[in-house]
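Each chain is listed here by its residues.
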Amino acid sequence: RLISTLHYQFRRIFFFEIESDRYATMASSPTAVINAGETALSSLALGDSLFIDGNYNAAIEFYTSAICLTDDRHVPSDTAAVANSSRANPNSTTSVSENKIIRFRSLTHRSETYLILSLHTHAYRDAKSALDLYVPHDVESRRLRRGELALCHDRAARAALALSRS
């Protein structure tokens, strides 16, 4: 019981559950929340909250929506375009690098969720996609939290090991 409690607390701390009480009532209908115009960061936070509660399939839906919302094809690639899009949409405050970080975290969190569900092929694909966002010694990778890249490498390795055993 103590180990279970510590494991639960670790996940709460690691995933930085954001405003879970406010989102708990909305979590029963993921599609309705996303259609209501939630941002990628909100989708990531909702996915984390559902993950902690053990609702893995719904968490995957929210992580997927966060990944789609940060898709490179829908995000301006230069600073001038970002400034223009911010003027066009005053509610948009996320920059390209913030979208990249949200995409990285969504991919790694979805990878962990797939590992728990023993969907190792999907877990490996997501971990590799996240790692492809940051090349080794990339200056932008300094904006990630300490240990995030290492944890992503760990998830890719665990998924690859599980795939090699099957």
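What counts, and at which threshold
- Residues numbered from 1 in each chain as written.
- Predicted model: local features only at pLDDT ≥ 70, side-chain atom pairs only at ≥ 80, totals over all residues.
- Heavy atoms only, no water.
- Patch = residues over 30% accessible without salt bridge, like charges linked within 9 Å, V, L, I, M, F, W, Y side chains within 5 Å.
- Areas by Shrake-Rupley, 256 points an atom, 1.4 Å probe, with all protein chains shown as cover.
- Salt bridge = Lys/Arg side-chain N within 4 Å of Asp/Glu carboxyl O.
- Helix = DSSP H or I, 4+ residues; strand = E, 2+ residues; numbered from the N terminus.
- Buried < 20%, exposed > 50% of the residue type's maximum accessible area, 1.4 Å probe, protein only.
- Phe/Tyr/Trp six-rings, centres within 6.5 Å; stacked < 30°, edge-to-face > 60°.
- Contact = heavy atoms within 4.5 Å.
- Axes fitted to C-alpha atoms, helices over the stretch in contact; angles between N-to-C directions.
- Left-handed = near helix turned anticlockwise from the far one by under 90°.
- Nonpolar A, V, L, I, M, F, W, Y, C, P; charged D, E, K, R; others polar.

What exactly am I supposed to notice about a nonpolar patch on the surface here?
Residues Ile116, Leu117 and Leu119 make up a contiguous nonpolar surface patch of about 200 Å² in total accessible area. Mapped onto the elements of the fold, Leu119 is located in the loop between helix 7 (96-116) and helix 8 (120-133). Residue Leu119 is classed as partly exposed on the basis of its relative accessible area of 36%.

Mind showing me how you'd approach the packing of aromatic side chains here?
Any aromatic ring pair is given by two values, namely how distant the centres are and how the planes are angled relative to each other. Taken as a whole and assessed by the stated rule, the structure comprises two aromatic pairs. Residues Phe51 and Tyr56 carry aromatic rings whose centres are separated by 5.4 Å and whose planes lie at 65° to one another, so their mutual orientation is edge-to-face. Residue classification places Tyr56 among the partly exposed positions, given a relative accessible area of 23%. Centroid distance Phe104 to Tyr134: 5.5 Å. Interplanar angle 80°. Geometry classified as edge-to-face. In this pair, Phe104 is assigned in helix 7 and Tyr134 in the loop between helix 8 and helix 9 (148-165), connecting sequence segments 30 residues apart.

Explanation requested: the side chain of Thr70 in the structure shown.
Topologically, Thr70 is positioned in the loop between helix 5 (56-69) and helix 6 (79-88). On the basis of relative accessibility, which here comes to 1%, the residue Thr70 falls in the buried class.

Teacher, can you tell me more about the environment of Ala45 here?
Inspection of the secondary structure assignment puts Ala45 in helix 4 (residues 40-53). Under the relative-accessibility criterion, Ala45 is labelled buried at 4%.

Teacher, can you tell me more about the environment of Ala66 here?
Relative to the assigned elements, Ala66 resides in helix 5. Discounting chain neighbours no more than four positions away, the residues touching Ala66 are Ala40, Ser43, Leu44 and Ser106.

Where do I start with the pattern of salt bridges in this structure?
Pairing between side chains of opposite charge can happen when their charged atoms approach one another. This model, assessed by the stated rule, comprises seven salt bridges. Between Arg158 and Glu112 there is a salt bridge, with the nearest N and O atoms lying 3.0 Å from each other. A residue pair is termed long-range when its members are at least 10 positions apart, and Arg158 in helix 9 and Glu112 in helix 7 qualify at 46 residues. Look at the salt bridges and you will find they share partners, linking Glu112, Asp154, Arg155 and Arg158 into a network.

Even after reading the chapter, I still don't get the packing of helix 7 against helix 9, so can you show me in this structure?
Axes are the key here: two packed helices are described by the angle between their axes and the distance separating the axes. At a closest axis distance of 10 Å, the pairing of helix 7 and helix 9 adopts a crossing angle of 35°. Relative to helix 9, helix 7 is oriented so that their crossing is left-handed. Counting all contacts with helix 7, which are made through Phe104, Arg105, Thr108, His109, Ser111, Glu112 and Leu115, the residues of helix 9 involved are Glu148, Leu149, Cys152, Arg155, Arg158 and Ala159. Along the lines of polarity and charge, the residues of the contact of helix 7 with helix 9 split into five nonpolar, three polar and five charged.

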